[in-house]
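Observations on the three-dimensional arrangement
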Amino acid sequence: MEKIAISKHKQAFDEPLWWGLFSAGGVCFAVFLPAVILFIAILLPLGLLPAEALSYERASKLLFSVQGFLFVGAVVCLPLFHAAHRLRHGMFDISVGNDALNKKLMYGGAALLSMVALGLVVIGMLG
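Residues numbered from 1 in each chain as written. Predicted model: local features only at pLDDT ≥ 70, side-chain atom pairs only at ≥ 80, totals over all residues. Heavy atoms only, no water.

This paragraph deals with helix α3 (residues 66–93). For α3, with 28 residues, the first-to-last C-alpha span of 39 Å sits near the 40 Å given by 1.5 Å per residue. At glycine 73, α3 shows its largest bend, some 35 degrees. Those residues of α3 that fall on the buried side of the exposure criterion are Gly68, Val72, Gly73, Ala74, Val75, Cys77, Pro79, Phe81, His82, Ala84, His85 and Arg88. Just beyond α3, the residue with positive phi is serine 95, at close to 55 degrees. (Helix = DSSP H or I, 4+ residues; strand = E, 2+ residues; numbered from the N terminus. Expected span 1.5 Å × (residues − 1). Bend = angle between axes of the 7 residues up to and from the residue. Buried < 20%, exposed > 50% of the residue type's maximum accessible area, 1.4 Å probe, protein only.)

As structure tokens, this is what we get:
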């Protein structure tokens, strides 16, 4: 008669959510951030784009709109969750801290910074 080992490991029901945010953040980080860097950090300073392309008035009008809200979500918020997930699993791999606490700190920090970034866009939209 075989004895069946009963695992005392708790199943993480929220793990697919974190992996989904990690994946979406990685895609946004890989697709949108190079384009942002190309336009803002290379083409504009070299004078290869017209100066009025990102004038203050035009940039603020674009940023403080629904499209700007989605842009900040894709370029700031999702990569924050990608980084939080990497940090959490890196800390788990090298046995630093308690995973439950690390999880709360990493994802809580990403959520807090995301709320600040999106909140600033919303304040700009209202003001």
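What follows deals with the packing of aromatic side chains. Applying the stated criterion across every chain, the model contains three aromatic pairs. Ring centres of tryptophan 18 and tyrosine 107 lie 3.9 Å apart, and the angle between their planes is 5 degrees; this geometry places the pair in the stacked category. A residue pair is termed long-range when its members are at least 10 positions apart, and tryptophan 18 in helix α1 (residues 15–43) and tyrosine 107 in helix α4 (residues 99–126) qualify at 89 residues. Look at tryptophan 19 and phenylalanine 22: their rings are 5.4 Å apart centre to centre, the planes differ by 85 degrees, and that puts the pair in the edge-to-face class. Note that tryptophan 19 and phenylalanine 22 are positioned in helix α1 at a spacing of three residues, about one turn of the helix. Connected via pairs of aromatic rings, a cluster forms that spans Trp18, Phe81 and Tyr107. (Phe/Tyr/Trp six-rings, centres within 6.5 Å; stacked < 30°, edge-to-face > 60°.)

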